[in-house]
Amino acid sequence: MISYTLRRLGAGLILILLVTFITFLLLSTSFEDVAKTILGQSATPEATAALMEAKGWDRPVLVQYFDWLGAAVRGDLGTSVYTSLPVGPTVLQRLAVTLSVIIPALILTVIISTVLGVWAASRGGVADRLSQGISLVGYIVPGLLLAIGLVVIFAVQLKWLPATGYTPPGEDPAAWARSITIPVIVLVIGGVANMAAQVRGRMIDELRRDYVRTLRTRGASTTSIVLRHALRNAASPALTVMSLEFIAMFGGALIIENVFALPGYGSFAFNASLQGDIPVILGITAFGVLLVTVVNLLTDLANGWLNPKARVH
């Protein structure tokens, strides 16, 4: 297990280095444009060159990247070109907002998808058709349309929930819960549409295996077979689907945050890209790839624990 963990950790570190270096390489072509944007349209070539020298953007790309990487390892991601605020704490603050929406949505998605998938696979018939119908509705209804509909019903007509805005949980937990309710519902419906079908399919495969028939002949109850044996064996691929669902939610945060005016990671990344704020873009990329790498590593370790055969890959 230690060797398996080290291999996965090494692969994650290589991924982080590759993604951050490629991002830095692509951004390096726009250093001069960013300098001109900061100085304004009337900037002279001499002023632009002076600013680039002051920022260190005139040095070789490899030298700049390794300087940035060394500082990043020490926890220093630089400061924003436009706000002069430290990048690390600012990105963490925005990331906390996004995760405060994604994590509850993911937990609810896993619970609902597992219940629906296991129920459909073990009962069949009406239960199976109902589960597939719920997944189909989640696929068909666009997330943006669903968000608008929920805002109209719960915020505009019933006035139960706020239409936009965000309250930090440390300030008012109840207000925080209300501010994320509609975004979480939108994410959960989309997530269940995908994950419930995956859990159902895997559970059906498990319940058709020989060991299930053997357990039935020995008098094991259906509940014991489903929950103690089949569900455990189906958990490994379900964990992979869960990690992919987390990444999908994280990647789709931009849309949710713009619709509901949430000061999160996605909207922050979008604004930084429009401004050409290079230190912020690099910090956002670093945090994003680190988070995805950690999620994938934890998923691989969980799969290795549940399925020892996976450790040889």
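Coordinates for the structure precede this section.
For clarity, every value in this text was computed on a predicted model and none was experimentally measured.

Colleague: What am I meant to see in the packing of aromatic side chains here?
Modeller: The description of two aromatic rings rests on the distance between their centres and on the angle between their planes. Tallying each qualifying case throughout the model produces 9 aromatic pairs. For the ring pair F31 and W57, a centre distance of 5.2 Å and an interplane angle of 15° mean the geometry is stacked. Within this pair, whereas F31 is found in helix 2 (residues 31-39), its partner W57 is found in the loop between helix 3 (45-55) and helix 4 (61-73), the two being separated by 26 residues in sequence. Taking the relative accessible area as the measure of exposure, W57 reaches 10% and is therefore buried. With a centroid separation of 5.5 Å and 65° between ring planes, the pair formed by Y65 and F66 is classed as edge-to-face. Here F66 falls in the exposed class, since its relative accessible area comes to 52%.

Colleague: Would you mind showing me how to read helix 2 here?
Modeller: Owing to its 3.6 residues per turn, the α-helix brings residues three or four apart onto one side. Buried residues of helix 2: F31, V34 and A35, and no others. Take helix 2 and look down its axis: the buried residues cluster within an arc of 100°, on one side only. G40 sits one or two positions beyond helix 2 and adopts a positive phi of about 100°.

Colleague: Whenever I open this one, the pattern of salt bridges confuses me. Can you help?
Modeller: Two side chains bearing opposite charge may form a pair once their charged atoms approach each other closely. What the rule picks out here adds up to 6 salt bridges. Across the pair E206 and R209 runs a salt bridge, and its minimum N-O distance is 3.3 Å. Assessed through its relative accessible area of 3%, E206 is described here as buried.

Colleague: Would you mind showing me how to read unusual backbone geometry here?
Modeller: Across residues other than glycine, the phi torsion is negative in most instances, and most of the peptide bonds are trans. Even without glycine at this site, S84 takes up a positive phi of about 65°. By the element assignment, S84 lies in the loop between helix 4 and helix 5 (87-123). If you check the backbone angles, K159 has positive phi at about 60° while not being a glycine. Within the fold, K159 resides in the loop between helix 7 (143-157) and helix 8 (173-207).

Colleague: What is the right way to look at the environment of A196 in this model?
Modeller: Inspection of the secondary structure assignment puts A196 in helix 8. Owing to a relative accessible area of 0%, A196 belongs among the buried residues under this scheme. Setting aside its immediate chain neighbours within four residues, A196 contacts S113, L116, G117 and S135.

Colleague: What am I meant to see in the packing of helix 9 (residues 210-217) against helix 10 (residues 222-251) here?
Modeller: When two helices pack together, their arrangement is given by the angle between the helix axes and the distance between those axes. Packing of helix 9 against helix 10 leaves a shortest axis separation of 11 Å and a crossing angle of 155°. The orientation of helix 9 relative to helix 10 falls into the category roughly antiparallel. As for how helix 9 packs across helix 10, the hand of that crossing is right-handed. On helix 10, the residues touching Y211, V212, L215 and R216 of helix 9 are T222, I225, H229, A230 and N233. Residue composition of the contact of helix 9 with helix 10, grouped by class: 5 nonpolar, 3 polar and 1 charged.

Colleague: What is the right way to look at the packing of helix 6 (residues 125-140) against helix 8 in this model?
Modeller: Running from N to C, helix 6 and helix 8 cross one another at 140°; their axes reach a closest spacing of 7 Å. It follows that helix 6 is oblique to helix 8 by the angle criterion. In this structure, helix 6 meets helix 8 at a crossing whose hand is left-handed. For the pair formed by helix 6 and helix 8, the contact residues are D128, Q132, S135, G138 and Y139 on the first element and I189, V192, A193, N194, A196, A197 and R200 on the second. Within the contact of helix 6 with helix 8, the residues separate by chemical class into 6 nonpolar, 4 polar and 2 charged.

Colleague: I'm lost on the nonpolar core in this one. Help?
Modeller: Side chains of a nonpolar character, in soluble globular proteins, are inclined to be buried together. Ranked by internal contacts, the top residues of the largest apolar core, which has 57 residues, are W57, V186, F260 and I284. In terms of residue count, the dominant contributor to this core is helix 5 (10 residues). Apart from residues lying up to four places away in sequence, V186 is in contact with G143, L146, A147, L150, I256 and F260. Counting 14 residues, the second largest nonpolar core, distinct from the first, contains A121, M203, L207 and L215.

Colleague: Would you mind going over the side chain of D128 with me for this structure?
Modeller: Position of D128 relative to the elements: it lies in helix 6. Polar contacts involving the side chain of D128 include one to the side chain of R200, which spans 2.4 Å. Beyond its immediate sequence surroundings of up to four residues, D128 is in contact with A120 and R200.

Calculation notes
- Residues numbered from 1 in each chain as written.
- Predicted model: local features only at pLDDT ≥ 70, side-chain atom pairs only at ≥ 80, totals over all residues.
- Heavy atoms only, no water.
- Phe/Tyr/Trp six-rings, centres within 6.5 Å; stacked < 30°, edge-to-face > 60°.
- Helix = DSSP H or I, 4+ residues; strand = E, 2+ residues; numbered from the N terminus.
- Buried < 20%, exposed > 50% of the residue type's maximum accessible area, 1.4 Å probe, protein only.
- Arc of directions from axis to C-beta.
- Salt bridge = Lys/Arg side-chain N within 4 Å of Asp/Glu carboxyl O.
- Contact = heavy atoms within 4.5 Å.
- Axes fitted to C-alpha atoms, helices over the stretch in contact; angles between N-to-C directions.
- Parallel < 35°, antiparallel > 145°, perpendicular 65-115°, else oblique.
- Left-handed = near helix turned anticlockwise from the far one by under 90°.
- Nonpolar A, V, L, I, M, F, W, Y, C, P; charged D, E, K, R; others polar.
- Core = buried A, V, L, I, M, F, W, Y, C linked by side-chain atoms within 4.5 Å.
- Polar contact = N/O pair within 3.5 Å; in protein donor to acceptor, adjacent residues only side chain to side chain.

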